[in-house]
Amino acid sequence: MTPLTPAKQMPGNFGLPIVGQTLELIANQGWNLDRYYQRYGSVFKLRLFGKPYAVLVGADANRLILQDKADHVSSYLGWQPFMEHLWGQTMMLQDGEAHRLTRRLMSPAFHGKAIESYFYTMQSLIVEELRNFPQLESVALKSKFNQLALRIGVRVLLGLELATQVQQVEQWFNTLVSGATAWLRVDLPFTTYGRSQKARRQLRAFLQEVISQRQQQSNLYQSRDVLGLFLASVDADGNTLFTEQIVNELTHLLNAAHFTVATSLTWAVVELAARPEWQQKLLNELTQVTNNQPLMVSHLKYLHQMTYFLKEIERIYNPSGVVLFRGVVKPIEYAGYCIPPGWTVIIAQGLTHRLPDLYAQPEIFDPNRFAAPREEDRQHPFALVSFGGGEHVCIGKEFSQMEMKIFLATLLSKNDWTIYPAYAQIASVQVPPQIESQLRARFVSRS
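Description of the structure in this document. Predicted model only: the values in this text are computed from it and were never measured.

1. Comments concerning the sheet that holds strand β1 (residues 5–6)
Move 1: The strand order across the open sheet formed by three strands is β1-β8-β7, and the pairing between neighbours is mixed. Across the chains shown, the open sheet's two edge strands, defined by having one partner strand only, are β1 and β7 (332–334).

Next up, the structure:
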């Protein structure tokens, strides 16, 4: 047997002392890893926050970390430096039985009839928002979609309908998020981070008050919002979600809902504007499925072309992020290297999604790659992991996919639009987060 090589000898470099590649990686939100991949290949090392990291690229690496050796790694140790100070110990940061218990109690709010019950709330808010778009001279896409997705999140996750409460939650949340990447983590009133933490405390206190009020209600299991179903959830052993856990999950879900959905919608609108043939294809499918009747939740599963289109948005733009983190707690063998406890693994899903051995001409936007008979994502069960995989697969996947389908169906049936800067000026997109703030659109009502 060939002896394994220590991880410290794998390709790559640790960069500057302590800092390593931290500044570069955060500034580009992980999208700069492609240049290291081109130089070093599918396994390489770097340093973040003074600690060693191993970057793994490929579907086999995804399966190894997310499934086969999931008990050798810790989601908490991987994500804690980035998330705990904002959202607390959410399910995403939990491991083992603690994670399985929390997921079991949260699941009823994100499957089956519960998901269907959110449909009309989402639809009414989307219709109302799109009705106003043609009145605006210019729509800043990412900003507007962030606002829309957050508003839907507040209504569907928290069950709030009073306009003043919705606006207050939005204000606290936006202030909280503004301090997420602050370098100076000093909790003082005059710092960005201090203002962020104050907003976090205010939001959490408000949520605790809302939870206390909702606990007095009966028939919570009939709720049409996530909070009510969280409060009603009891497993076979009598376990329930504690208030602290519910507060953590709700604030993190608000972030996940507004970040992933807004990113997907931004680039879906951009790509559709550049592809009139896909606008027509999706509109024809919508007309055929609905028979020119109002969109209903039962129609969504038959919008196959829209599913392919959104999968291609996932593949190229990775709305939930281009990397996943796991802390190593037991030695991991991969590609001839032994990665020891104390290291952190980066699963570079964004790079995997552009591998030519998985996806033909991966730099080309081509939703048909997901249609039969090609179905390129089915060549390997971990070829497309935009929503993660294994036990930690995103619990809100169906929630966000439904929201995006409602939005696109409504947009296509009611509006035409133009994007600027022109598509030729922004493609091919290498670092989407650096471009998103520039994107504007002009909407007109379709007669």
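And the narrative resumes.
2. Re the packing of aromatic side chains
Move 1: Tallied over the entire structure, the rule returns 22 aromatic pairs.
Move 2: Taken together, a centroid distance of 6.0 Å and an interplanar angle of 20 degrees make the contact between Y36 and F44 stacked.
Move 3: The class of Y36 is buried, set by a relative accessible area of 8%.
Move 4: Ring centres 4.8 Å apart and planes at 85 degrees place the aromatic pair F119 and Y120 in the edge-to-face group.

3. Examining unusual backbone geometry
Move 1: The residue after A372, namely P373, is reached through a cis peptide bond having omega 5 degrees.
Move 2: Mapped onto the secondary structure, P373 falls in the loop between α15 (349–352) and α16 (397–414).
Move 3: Note the cis peptide between Y420 and P421, where omega equals 0 degrees.
Move 4: By secondary structure assignment, the location of P421 is in the loop between β10 (415–420) and α17 (423–426).
Move 5: In this structure, A335 takes a positive phi of about 55 degrees despite not being glycine.

4. As for helix α9 (residues 163–178)
Given 3.6 residues per helical turn, the α-helix brings residues three or four places apart onto the same face.
Move 1: Helix length check: α9 (16 residues) gives 23 Å between terminal C-alpha atoms against 22 Å at 1.5 Å per residue, within 8%.
Move 2: Regarding α9, the residues found buried are V166, V169, E170, W172, F173 and L176.

5. A look at the nonpolar core
In globular proteins that are soluble, nonpolar side chains generally tend to be buried together.
Move 1: Grouped together as the largest cluster of nonpolar side chains are 141 residues, with contacts concentrated most on L33, Y118, L141, F230, I339 and F407.
Move 2: Residues in contact with Y118, not counting those within four places in the same chain, are A109, V156, R224, D225, V226, L229, F399 and M402.

6. Structural notes on the environment of E376
Move 1: By secondary structure assignment, the location of E376 is in the loop between α15 and α16.
Move 2: Residue classification places E376 among the buried residues on the basis of a relative accessible area of 6%.
Move 3: Linking E376 and D357, residues 19 residues apart in sequence, is a C-alpha distance of 9.8 Å.
Move 4: Sequence-distant contacts of E376, that is, excluding residues within four places in its chain, are made with L358, Y359, A360 and R369.
Move 5: Of note is the side chain of E376, whose polar atom sits 3.3 Å from the backbone nitrogen of A360.
Move 6: Within the structure, the side chain of E376 is placed 2.9 Å from the side chain of R374, a separation counted as a polar contact.

7. Some thoughts on the sheet that holds strand β11 (residues 440–445)
In a beta sheet, neighbouring strands pair by backbone hydrogen bonds and run either parallel or antiparallel.
Move 1: Spatial strand order, β5-β11-β10: three strands in an open sheet with antiparallel pairing. Each of the sheet's edge strands pairs with one partner strand only, and the pair in question is β5 (139–140) and β10.
Move 2: Pairing analysis gives two bridges linking β5 to β11, with the strands arranged antiparallel. Its bridge partner lying in β11, A140 is registered against R440.
Move 3: The sheet contacts of α16 involve β10 and β11, and relative to β10 the element is tilted by about 100 degrees.

8. Examining the packing of helix α12 (residues 243–273) against α16
Move 1: At a closest axis distance of 10 Å, the pairing of α12 and α16 adopts a crossing angle of 35 degrees. Taken as a pair, α12 and α16 cross one another with a handedness that is right-handed. Across the interface between the two elements, V261, S264, L265, A268, V269 and L272 of α12 pack against S400, E403, M404, F407, L408, L411 and L412 of α16.
Move 2: Partitioning the contact of α12 with α16 into residue classes produces 10 nonpolar, two polar and one charged.

Calculation criteria
Residues numbered from 1 in each chain as written. Predicted model: local features only at pLDDT ≥ 70, side-chain atom pairs only at ≥ 80, totals over all residues. Heavy atoms only, no water. Pairing = 2+ DSSP bridges. Helix = DSSP H or I, 4+ residues; strand = E, 2+ residues; numbered from the N terminus. Phe/Tyr/Trp six-rings, centres within 6.5 Å; stacked < 30°, edge-to-face > 60°. Buried < 20%, exposed > 50% of the residue type's maximum accessible area, 1.4 Å probe, protein only. Expected span 1.5 Å × (residues − 1). Core = buried A, V, L, I, M, F, W, Y, C linked by side-chain atoms within 4.5 Å. Contact = heavy atoms within 4.5 Å. Polar contact = N/O pair within 3.5 Å; in protein donor to acceptor, adjacent residues only side chain to side chain. Axes fitted to C-alpha atoms, helices over the stretch in contact; angles between N-to-C directions. Left-handed = near helix turned anticlockwise from the far one by under 90°. Nonpolar A, V, L, I, M, F, W, Y, C, P; charged D, E, K, R; others polar.

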